[in-house]
There are 2 protein chains.
Amino acid sequence: MSGPRYTKLAQSLPASVPFVGPETQERARGRPFDARIGANESVFGPSPLAIKAMSDAAADVWKYGDPENHDLRAALAAHHKIPFENIMVGEGVDALLGYLVRLLINPGDRVVTSAGAYPTFNFHVAGYGGDLVTVPYRDDAEDPVALVEKAAEVGAKLVYLANPDNPMASWHQAKAVQAAIERVPEGCLFLLDEAYIEFAPDGTAPPFDVSDDRVIRMRTFSKAYGMAGARVGYAIGHADLISAFNKIRNHFGMCRISQAGALAALKDQDYLASVVASVATARMEISRIASENGLTALPSATNFVAIDCGHDADFARAVVNGLIARGVFVRMPFAPPQDRCIRVSAGKPDDLAKFAAALPDALADALADARLA
Amino acid sequence: MSGPRYTKLAQSLPASVPFVGPETQERARGRPFDARIGANESVFGPSPLAIKAMSDAAADVWKYGDPENHDLRAALAAHHKIPFENIMVGEGVDALLGYLVRLLINPGDRVVTSAGAYPTFNFHVAGYGGDLVTVPYRDDAEDPVALVEKAAEVGAKLVYLANPDNPMASWHQAKAVQAAIERVPEGCLFLLDEAYIEFAPDGTAPPFDVSDDRVIRMRTFSKAYGMAGARVGYAIGHADLISAFNKIRNHFGMCRISQAGALAALKDQDYLASVVASVATARMEISRIASENGLTALPSATNFVAIDCGHDADFARAVVNGLIARGVFVRMPFAPPQDRCIRVSAGKPDDLAKFAAALPDALADALADARLA
């Protein structure tokens, strides 16, 4: 045998990517998108104070970032009124999900999630050889009770719930989440991904209880704080679990500029509130555009809207492709029956005007395709 | 049992950190360092063009970075005159080392390195359960032939050589490295860490041969390019090996601002040359200060100098602590007999003046300690 000796697990994995990036699509089509409303990024951008902090930090980037993320963790602790030692900052929620899976999952260990939920989590589970067991959505929402019941049935070590959900934008009230947590089987960790929580109504997030070692929660600066490209996420959980990340994490993995930006962004809660308001307006406009075209927008507690296109996945895919061909970057859910929808991120009025302009033709093309098929 | 069910490997690992960050030390001492010349960061900073690119990119950080790192990889391919598909960009060499170990190493698999070489590599090997086998330095340099002989003896899957070396700053000519590569046993990958290569004399780096699946090379923007806090490293190797990273890497892990900064930094080779010249001047000044204090500076092909303090590790540690107490952040090698040295990074004249001012007293204190002991 020649060449490196990969692990059996590494040999068995496909070279895959959870999402194709919009830049890849732009290179393929030979020009940039006119509206970038497909990746649930925040077109409203970060706080001006965060932009200034990042610009100011650029000249100091010759220094490694603080591996303890001390100042950001201290600010998060004060913000959430929880102790410092219950917070782990990482290179985006994606990296934290990878670390968490690595801490818990050996090949063959069971992990439960919803069919069609966050693909990057699934990528990490597969990457450590975990056995992913899925539960269907119920009424276009993740089903907390079914998730924990399945976890008990298969002896899962980890069960994933996003609240609010991506890609459907649906959500559960805190009491429903808490009821599910009460039913988490012993030895199973409940992973509550709250990437979109800042957009959700009051009463969506359970109060923090960092003494509860059955739960870990993930938050991010990528969505409401408008800093997806900075890669700053954080986990909140029991101190023992938070400390366990130190066994394996890339201690010097955080970008120093991103640390400075997140700290400034957190302090500008007024700006955050303005983004949440702008997103609410954008959601209404997306719903209006959907209705105008005879489509149904689903309720949303996030910075995006799932639009039911009223047909099957092939039809929705044709609509997505029609929009992309017209310079409007959107995506769609992966699993049936949610893949009858397209997913449109909140945009500025100009972005949504382009969406509104492109949608009728994209729909007409999709209908023509469907008639031919 | 209550709480999460960690893997046996995760349970067995200590919560450790390869390096204590200078910020941690600053918090402990209650005030910042006057000279930060301990982590081989580049006090000369990044290119002004890179600083501008990063400042300009801050407002766009609401977008995720391109997961393919297309533009940076294309620029690196042109710069090194190698194909695009032979380059993998990652969140610093540290992250790439972690991915590489994950691809190859199962618990119990053997990995060979030098006793006292880069601790973060060892952290990753331990983190995946690898069995680390060490070879001593020879004449304060890593010993390429002994490394590959040991790899053959123990059936290692991976053997690590940094050229130039950290922490000793020693180096081998390309032909010595190539001779070692020719003797790499079948099924063993030679990991050539060239983090400091830009500071080394011509003839230190072997020519690239990306058809050779026995070798992977690591380069970084953290050292000569002055962007340690940005977390941008890259690996060069056989296309199959480079592609294998896509099975497991955090595809959206790169900071978008860092991508922009690295691209601009790479284009400013004049600035890079000026940094290399400034570092050469600083090395001479560090050597002069060492001599002035009766100490011996070792030859260096890096942006730091190992200074032989002429006694044992306890003495060197006392010197390091004496310098730190006087506001000068330096570090020292971890393993005997190299731990008789302290390691001083290149500084600006003002940094080195502070080092020169603090060293005599730090030495006097260390000598007094040694007499008392």
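Cut-offs used in this document
Counting restarts for each chain: residues are numbered from 1 in the order of the written sequence. Starting at A for chains and at 1 for ligands, labels are handed out in the order in which the entities are written. Only residues with pLDDT of 70 or above have their local features reported here, since the model is predicted, and side-chain atom pairs are shown and tallied only from 80 upward, although totals for entire chains, interfaces and linings are computed over all residues. A run of H or I in DSSP counts as a helix once it spans at least four residues, and a run of E counts as a strand once it spans at least two, with each numbered from the N terminus. In this setup the radius of gyration rests on C-alpha atoms only. A globule is expected at 2.2 Å times the number of residues raised to 0.38. Neighbour density around each residue's C-beta defines its exposure: 20 or more other C-beta atoms within 10 Å make it buried, 12 or fewer make it exposed, and counts between make it partly exposed, where C-beta atoms are placed from the backbone. Fitting of the copies onto one another was done by least squares over C-alpha atoms, counting residues only where both copies have pLDDT of at least 70. A residue pair is marked as a contact if its C-beta atoms, positioned from the backbone, fall within 7 Å. What counts as an axis is a line fitted to C-alpha atoms, over the stretch in contact for a helix, and the angles between N-to-C directions run from 0 to 180 degrees. Roughly parallel here means an angle under 35 degrees, roughly antiparallel means over 145, roughly perpendicular means 65 to 115, and every remaining angle is called oblique. Note: crossing handedness is left-handed where the near helix turns anticlockwise from the far helix by less than a right angle, and right-handed where it turns clockwise. Ten residue types, Ala, Val, Leu, Ile, Met, Phe, Trp, Tyr, Cys and Pro, are classed as nonpolar, four, Asp, Glu, Lys and Arg, as charged, and the remainder, Gly among them, as polar. Here the limits of each domain have been adopted from an automatic or database domain assignment. Any two strands with at least two DSSP-identified bridges between them are counted as paired. Crossover handedness is defined by viewing with both strands directed away from the observer: a clockwise path from the first strand over the helix to the second marks the crossover as right-handed. Here the arc refers to the set of directions running from the helix axis out to each C-beta atom. Every residue carries a pLDDT, the predictor's confidence in it, which falls somewhere between 0 and 100.

The next subject is the overall build of chain A. In terms of helices and strands, chain A carries 13 helices and 12 strands. For 373 residues, the compact-globule estimate of 2.2 N^0.38 gives 21 Å, and the C-alpha radius of gyration of chain A, at 21 Å, lies within 12% of that figure. Counting all 373 residues of chain A, 58% fall into the buried class.

With an RMSD of 0.0 Å, the operation that places chain A on chain B is a rotation of 180° combined with a shift of 0.0 Å along the axis. With respect to symmetry, the two chain copies, as superposed, fit the operation of a two-fold axis. Closest to the rotation axis within chain A is the C-alpha of Ser55(A), separated from it by 2.1 Å. Of all interface residues in chain A, 100% are interface residues in chain B too; the two copies therefore contact each other through one and the same surface.

When two helices pack together, their arrangement is captured by the angle between the axes and the distance separating the axes. Residue and element names in this part refer to chain B. Direction vectors running N to C along helix α4 (residues 70-80) and helix α10 (residues 256-267) enclose 20°, while the axes themselves pass 9 Å from each other. Taken together, α4 and α10 sit at an angle that is classed as roughly parallel. The hand of the α4/α10 crossing is left-handed. Two secondary-structure elements touch here, α4 through Asp71, Leu72, Ala75, Leu76 and His79 and α10 through Gln259, Ala262, Leu263 and Leu266. Tallied by class, the residues present in the contact of α4 with α10 amount to six nonpolar, two polar and one charged.

Once that is clear, we can look at the interface of chain A and chain B. Taken together, the contact pairs 74 residues of chain A with 74 residues of chain B. Those elements that place two or more of their residues in the side of chain A that touches chain B are α2 (22-29), α3 (48-57), α5 (92-104), α9 (239-244) and α10 (256-267) of chain A. Of all the elements, α5(A) adds the most residues to the side of chain A that touches chain B, at six residues. Split into classes, the residues belonging to the side of chain A that touches chain B amount to 33 nonpolar, 24 polar and 17 charged.

The next point concerns the domain arrangement of chain A. Residues and elements named next belong to chain A. Looking at chain A, the domain boundaries give domain 1 (21-39 + 270-372) and domain 2 (66-254). Using C-alpha coordinates to define each centre, domain 1 is positioned 27 Å away from domain 2. Counting residues at the interface gives 18 residues for domain 1 and 22 residues for domain 2. Going through the elements one at a time, α11 (269-292) and β10 (304-308) are the ones with two or more residues in the side of domain 1 that touches domain 2.

Most peptide bonds adopt trans geometry, and most residues besides glycine take a negative phi value. The omega torsion of the bond from Pro336(A) to Pro337(A) falls at -5°, within 30 degrees of zero and hence cis. The amide bond that connects Asn166(B) to the next residue, Pro167(B), takes the cis arrangement and shows omega of 20°. Mapping Pro167(B) onto the fold places it in the loop between β5 (158-162) and α8 (174-182). Of note in this structure, Lys81(A) is not a glycine but carries a positive phi near 60°. Looking at the secondary structure, you find Lys81(A) in the loop between α4 (70-80) and β2 (87-90). Located in the positive-phi region is Arg231(A), a residue other than glycine, with phi close to 60°. Mapped onto the secondary structure, Arg231(A) falls in the loop between β7 (215-220) and β8 (233-237).

On to the sheet that holds strand β12 (residues 341-345) of chain B. Residues and elements named next belong to chain B. If you walk across this open sheet you meet the three strands as β9-β10-β12, and the pairing is antiparallel. Two strands in the sheet have a free side with no partner beyond their single neighbour: β9 (296-297) and β12. Taken together, the five bridges between strand β10 (residues 304-308) and β12 define a ladder with antiparallel strand orientation. Within β12, the position partnered with Val305 by the bridge is Val344.

Residue and element names in this part refer to chain B. In contact at an axis separation of 9 Å, helix α5 (residues 92-104) and helix α6 (residues 119-127) are set at 30° when each is read in the N-to-C sense. Considering the relative orientation of α5 and α6, their crossing is right-handed. Here Asp94, Leu97, Gly98 and Val101 of α5 come into contact with α6, specifically with Thr120, Phe121, His124 and Val125. A per-class count over the contact of α5 with α6 returns four nonpolar, three polar and one charged.

What follows concerns the sheet that holds β2(A). Residue and element names in this part refer to chain A. An order of β2-β8-β7-β6-β5-β3-β4 is seen for the seven strands of this open sheet, with the pairing classed as mixed. Each edge of the open sheet is held by one strand with a lone partner, namely β2 and β4 (131-135). The average angle at which neighbouring strand axes cross in this sheet is 20°, direction not considered. The sheet contact formed by strand β3 (residues 110-114) and strand β5 (residues 158-162) spans two bridges and is parallel. Across the sheet, Val112 pairs through a bridge with Val159, a residue of β5.

Residue and element names in this part refer to chain B. Across the five residues of β5, five count as buried, placing the element largely inside the fold. Neither face of β5 is exposed, since Leu158, Tyr160 and Ala162 on one face and Val159 and Leu161 on the opposite face are all buried. In terms of strand pairing, β5 meets strand β6 (residues 189-193) through five bridges, oriented parallel. Among the inter-strand pairings, Leu161 is bridged to a residue of β6, identified as Leu192. After leaving β5, the chain enters α8 and then returns to the sheet as β6, a path that is right-handed.

Residues and elements named next belong to chain A. Taken together, the buried positions of helix α7 (residues 144-154) are occupied by Pro144, Leu147, Val148 and Ala151. Burial along α7 is one-sided: seen end-on, the buried residues are contained in an arc of 90°. Taken together, the buried residues of α7 touch β3, β4, β5 and α8 (174-182). At the exit of α7 stands Gly155, carrying a positive phi of roughly 65°.

Moving on, we get to the environment of Lys52(A). Residues and elements named next belong to chain A. With respect to the secondary-structure elements, Lys52 resides in helix α3. Lys52 sits in the partly exposed class, given 17 other C-beta atoms within 10 Å. Here the alpha-carbon distance between Lys52 and Ala264, two residues 212 residues apart in the chain, equals 8.7 Å.

Here we take up the environment of Asn122(B). All names here are of chain B. Relative to the elements of secondary structure, Asn122 occurs in helix α6. Asn122 gets classed as buried once you count the C-beta atoms within 10 Å, which come to 22. On a C-alpha basis, the gap between Asn122 and Phe355 in space is 30 Å, while along the polypeptide they are 233 residues apart. Ignoring any residue separated from it by four or fewer positions in sequence, one finds Asn122 in contact with Thr113 and Leu132.

Turning next to the confidence of the model for chain A. Mean pLDDT over chain A works out to 97, with 100% of the residues at or above the 70 mark. Reported confidences for the modelled complex are a pTM of 0.97 and an ipTM of 0.97.

Moving on to the pairing of β3(A). All names here are of chain A. Along β3, five of the five residues are buried, which leaves the element largely enclosed by surrounding structure. Burial along β3 is two-sided: the residues Arg110, Val112 and Ser114 and Val111 and Thr113 are all buried. Alignment of β3 against β4, held across five bridges, turns out to be parallel. When the sheet's bridge partners are listed, Thr113 is paired in β4 with Thr134. Handedness of the crossover joining β3 and β4 through helix α6 (residues 119-127) is recorded here as right-handed.

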